[in-house]
Amino acid sequence: MENASTSLVFTTATIRIISYFLHRSQLYDTKAVEVFLKIIEKHQKMLKFIKELSKLMAIYVFIDFIIYSGFLCALLFYISINSELSGSLFRSNWYVQSMKLRKMFLMFSQTNTPPLQIKAYGLVMTLEVFRNILRASYSYFTLLKQLNG
């Protein structure tokens, strides 16, 4: 993974150098043409590397995305169902039932306290937090896009 990240950093730096060269150069003399031909060659190699890396990683990234998205969605779904169950229990007429049933209801309600939570390094994952993480991720993406372009 270190090689891949180093290569990506190098690729990004090289692309910025190419952009700078294209923006600043006049390409009038022979030396500039030679340098530009080398840059084109490097750029072609980088494109090939990025395409190969993308092909190599595509299935893993896709599988990761599907598994973790599904896992997180299932957990959030079960937590929301559990909250609904607690609410239904509270709204029921359990208090007018027999003593045995009231004790069972109370025992059941105790198992739901505290409510189920997904925690990630101290952060309690709720639907709202999940939505905020997705928004922040997209915001960071657009920020990087604007800084690069």
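The model shown is predicted, which means the values in this text are computed figures rather than measured ones.

Rules behind the numbers
- Residues numbered from 1 in each chain as written.
- Predicted model: local features only at pLDDT ≥ 70, side-chain atom pairs only at ≥ 80, totals over all residues.
- Heavy atoms only, no water.
- Helix = DSSP H or I, 4+ residues; strand = E, 2+ residues; numbered from the N terminus.
- Contact = heavy atoms within 4.5 Å.
- Areas by Shrake-Rupley, 256 points an atom, 1.4 Å probe, with all protein chains shown as cover.
- Salt bridge = Lys/Arg side-chain N within 4 Å of Asp/Glu carboxyl O.
- Buried < 20%, exposed > 50% of the residue type's maximum accessible area, 1.4 Å probe, protein only.
- Patch = residues over 30% accessible without salt bridge, like charges linked within 9 Å, V, L, I, M, F, W, Y side chains within 5 Å.
- Core = buried A, V, L, I, M, F, W, Y, C linked by side-chain atoms within 4.5 Å.
- Phe/Tyr/Trp six-rings, centres within 6.5 Å; stacked < 30°, edge-to-face > 60°.
- pLDDT = per-residue confidence, 0-100.

Chemist: I keep staring at the overall build of the chain and nothing clicks. Help me out?
Modeler: Secondary structure assignment for the chain yields 4 helices and 2 strands. The N-to-C order of helical and strand elements in the chain reads α-α-α-β-β-α. Partitioning the intrachain contacts of the chain with sequence separation of at least 6 by distance along the chain shows that 50% fall at a separation of at least 24. If you sum the accessible surface of the chain, you get close to 12,800 Å²; carbon and sulfur atoms cover 67% of it.

Chemist: How should the pattern of salt bridges be read in this particular structure?
Modeler: Opposite charge on two side chains makes pairing possible when the charged atoms of those side chains draw close. Evaluated as defined, the whole model comprises 1 salt bridge. The residue Glu41 makes a salt bridge to Lys45 at a minimum N-O spacing of 3.7 Å. Here the residue Glu41 and the residue Lys45 both occupy positions in helix H2 (residues 30–91), the gap between them amounting to 4 residues, near one helical turn. Judged by its relative accessible area of 46%, Glu41 is partly exposed.

Chemist: Is there a simple way to explain a nonpolar patch on the surface in this structure?
Modeler: A cluster of nonpolar side chains, namely Leu56, Met57, Ile59, Tyr60, Val61, Phe62, Ile63, Phe65, Ile66, Ile67 and Tyr68, defines an oily patch on the protein surface of about 1,100 Å² accessible area. Counting through the fold element by element, Tyr68 comes out in helix H2.

Chemist: It is not clear to me how the nonpolar core should be interpreted in this structure. Could you clarify?
Modeler: Nonpolar side chains in soluble globular proteins tend to be buried together. Core analysis: the largest hydrophobic core is formed by 7 residues, namely Leu72, Leu76, Ile79, Ile118, Met125, Val129 and Phe130. Going through the elements one at a time, H2 and helix H4 (127–148) are the ones with two or more residues in this core. In terms of residue count, the dominant contributor to this core is H2 (3 residues). In contact with Leu76, not counting residues within four places along its chain, are Ile118, Met125, Thr126, Leu127 and Phe130.

Chemist: What is the right way to look at the packing of aromatic side chains in this model?
Modeler: A ring pair, where both rings are aromatic, is described by two values, the distance of the centres and the angle of the planes. Per the counting criterion, the structure on display carries 1 aromatic pair. Ring centres of Tyr138 and Phe141 lie 6.0 Å apart, and the angle between their planes is 40°; this geometry places the pair in the tilted category. Here Tyr138 and its partner Phe141 are both found in helix H4, 3 residues apart, which amounts to about one turn of the helix. Here Tyr138 falls in the exposed class, since its relative accessible area comes to 54%.

Chemist: Explain the environment of Asn148 here, please?
Modeler: Take Asn148: it is sitting in helix H4. For Asn148, a relative accessible area of 52% gives the class exposed. Separated by 132 residues in sequence, Asn148 and Arg16 place their C-alpha atoms 8.7 Å apart.

Chemist: So what exactly am I meant to see when it comes to the confidence of the model for the chain here?
Modeler: When pLDDT drops low, the exact placement of atoms in the prediction is not to be read closely. Per-residue confidence for the chain gives a mean pLDDT of 78; residues scoring 70 or more make up 86%. Ranking the helices and strands of the chain by mean pLDDT puts H4 first, with 84, and helix H1 (residues 2–24) last, with 70.

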